[in-house]
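# Structural overview for review
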There are 4 protein chains.
Amino acid sequence: MSAYLDEVFPQVRGMFGIDTLEDDRVVMRLHADERHLRPGGTVSGPAMFSLADVAAYVATMARIGPEALTVTTHCSIDFMRKPVSGRDLLAEARLLKLGKTLSVTDVLLYSEGVAEPVAHASLTYAIPPRRDA
Amino acid sequence: MSAYLDEVFPQVRGMFGIDTLEDDRVVMRLHADERHLRPGGTVSGPAMFSLADVAAYVATMARIGPEALTVTTHCSIDFMRKPVSGRDLLAEARLLKLGKTLSVTDVLLYSEGVAEPVAHASLTYAIPPRRDA
Amino acid sequence: MSAYLDEVFPQVRGMFGIDTLEDDRVVMRLHADERHLRPGGTVSGPAMFSLADVAAYVATMARIGPEALTVTTHCSIDFMRKPVSGRDLLAEARLLKLGKTLSVTDVLLYSEGVAEPVAHASLTYAIPPRRDA
Amino acid sequence: MSAYLDEVFPQVRGMFGIDTLEDDRVVMRLHADERHLRPGGTVSGPAMFSLADVAAYVATMARIGPEALTVTTHCSIDFMRKPVSGRDLLAEARLLKLGKTLSVTDVLLYSEGVAEPVAHASLTYAIPPRRDA
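Remember, it's a predicted structure, so these values are computed and weren't measured experimentally. (Residues numbered from 1 in each chain as written. Chains lettered and ligands numbered in written order. Predicted model: local features only at pLDDT ≥ 70, side-chain atom pairs only at ≥ 80, totals over all residues. Heavy atoms only, no water.)

Of regular secondary structure, chain A possesses 2 helices and 6 strands. Residues classed as buried in chain A amount to 59% of the 133 residues present. Pairs at least 24 apart in sequence give 60% of the contacts found in chain A among residues at least 6 apart. Taken as a whole, chain A presents about 5600 Å² of accessible surface, with 50% of it coming from carbon and sulfur. (Helix = DSSP H or I, 4+ residues; strand = E, 2+ residues; numbered from the N terminus. Buried < 20%, exposed > 50% of the residue type's maximum accessible area, 1.4 Å probe, protein only. Contact = heavy atoms within 4.5 Å. Areas by Shrake-Rupley, 256 points an atom, 1.4 Å probe, with all protein chains shown as cover.)

This is the structure:
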């Protein structure tokens, strides 16, 4: 899956890691990295969005198999706390629904080692019709 | 305002331009740029999120003055169409509410020269209490 | 369309009126009514949600024709100001996207005669596959 | 708390019950009731919104004490499955953030006795400044 991600998201190669990959639960990691920092050393909103987005993508792929055409159609994200400076950011994604044409995934983001979430997102992916159907 | 943005968002220096800056309407531009492309040559979701976020930030700043501590607390975004490859992306932001503790901004994203929007977002910014109050 | 609404939403018969019904813009009205008031005489959040929901439904129906099976899959709503007591509530809905499997509608809610919106919503409707296709 | 709810939400008296009331987790119940049904016997979207809204309200009240002025500022809700006809609807609410000026609550809605959620919501409540502060 990591190799597949590097291929589908070449612009973020090496940015994300997969900690856990289960049937309906995925944990991904955004490596602390200078490029995504805001003044003050915390992770930027767009970087948090990216992590939530890729985690929801992987949670969906884990069930339907690689489908590069799958696209995000909606994201609702609450930024609740400032990420801890210098720590990796973890995303815990749970697939809430896998339908024929869309998936819905709940994602909580944490600074590694901190109990309280920094952000909470819900993402919808559109799933293309099966071409072999 | 452009110089201020470069200072507050150093990681995206030069990425965004301001086309229009009015009292409750801002148009910003994301320069077509290899770094933000997905396979197929279109702008990535995170880059669209970034553009909506910075446009809502500028729409809020245009009214309250520079406040670097202002933070995004919520974003809801619908990705509706694929951006046109190679075109700049424009964000038209309208401030719907400016309260004492938060602002709400509506943002429509377009590929330059195309009438139908590629994405639609609503963003909430938390405004810090006035320190001189 | 009004008669059709009464049939599809029998539980809200008479609650809503259609002021304007154009190709991609619909204005609907929630009649001021004791049943939907909160303490203090303003319209309740659920009543505002209902109005936004039915306006997005009508905006979609206006384009695809009556489809009772069409269902709301997502709503994101910002409550920005207190509605004015005793006034009807108006919803201005614009269809932002009409795809094969979903529609996206932007809705602004106003107290009649007041310029500043009380709420802003974005709704997604899932459109069932054509049975005659 | 039930008596308090009847006072604050007189228009829905008797509609909701509280199953569980813990420090950061609340379970509420929407009694199956003819008034909220859509054609086909399922619970309507607005009734689901109401249940999520009141559950988030109670989850916030459980921590800060009764504050009738607390208002919903945002709700993002995904409707994922059709509720089961004739069953009560349960809402499991978890307070994700309690700040000085706002709370964020995650809510999952279930048909009683069914494992898969029918809807998922995130709600933000604005908390008024302490008058005795």
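Applying the stated rule across the entire model yields 0 disulfides over all chains. Residue cysteine 75 of chain C stays outside any disulfide, its sulfur separated by 6.7 Å from that of cysteine 75 of chain D, the closest cysteine. With relative accessibility at 0%, the residue cysteine 75 of chain C sits in the buried group. (Disulfide = S-S within 2.5 Å.)

With an axial shift of 0.0 Å and an RMSD of 0.0 Å, the rotation relating chain D to chain A amounts to 180°. In the structure described here, the two chain copies are related by an operation that fits a two-fold rotation axis. Nearest to the rotation axis, the C-alpha of serine 76 of chain D is located 3.5 Å from it, this being the minimum over chain D. Here 100% of the contact residues of chain D are again contact residues in chain A; the copies associate through an equivalent surface. (Least-squares fit on C-alpha atoms with pLDDT ≥ 70 in both.)

Taken as a whole and judged by the stated rule, the model has 28 salt bridges over all chains. Two residues, arginine 81 of chain A and glutamate 116 of chain A, come together in a salt bridge whose shortest N-O distance is 3.4 Å. One end of the pair, arginine 81 of chain A, is in the loop between strand 3 (71-79) and strand 4 (89-98); the other, glutamate 116 of chain A, is in the loop between strand 5 (102-111) and strand 6 (119-126), and 35 residues separate them in sequence. In this structure arginine 81 of chain A comes out as partly exposed when scored by relative accessible area, which is 23%. Measuring nitrogen to oxygen at the nearest pair gives 2.8 Å for the salt bridge that ties glutamate 112 of chain B to arginine 29 of chain B. Placement of the pair is glutamate 112 of chain B in the loop between strand 5 (102-111) and strand 6 (119-126) and arginine 29 of chain B in strand 2 (residues 25-30), with a sequence separation of 83 residues. (Salt bridge = Lys/Arg side-chain N within 4 Å of Asp/Glu carboxyl O.)

Let us now look at the sheet that holds strand 4 (residues 89-98) of chain B. Here 12 strands make up an open sheet; going across it, the order is 1(A)-2(A)-4(A)-5(A)-6(A)-3(A)-3(B)-6(B)-5(B)-4(B)-2(B)-1(B) and the pairing antiparallel. Where the open sheet ends on each side, the last strands, each with one partner, are strand 1 (16-21) of chain A together with strand 1 (16-21) of chain B. Adjacent strand axes in the sheet meet at a mean angle of 20°, parallel and antiparallel pairs treated alike. In this structure, strand 3 of chain A lies alongside strand 3 (residues 71-79) of chain B, joined through 5 bridges in antiparallel fashion. Each residue of the ladder has a partner; that of isoleucine 77 of chain A, found in strand 3 of chain B, is cysteine 75 of chain B. Taken strand by strand, helix 2 (residues 45-64) of chain A contacts strand 1, strand 2 (25-30), strand 3, strand 4, strand 5 and strand 6 of chain A together with strand 3 of chain B, and its axis lies near 45° from that of strand 4 of chain A. In this fold helix 2 (residues 45-64) of chain B packs onto strand 3 of chain A together with strand 1, strand 2, strand 3, strand 4, strand 5 and strand 6 of chain B, with an angle of close to 45° to the strand it touches most, strand 4 of chain B. (Pairing = 2+ DSSP bridges. Axes fitted to C-alpha atoms, helices over the stretch in contact; angles between N-to-C directions.)

From the geometry alone we can't say anything about function, so treat these as descriptive.
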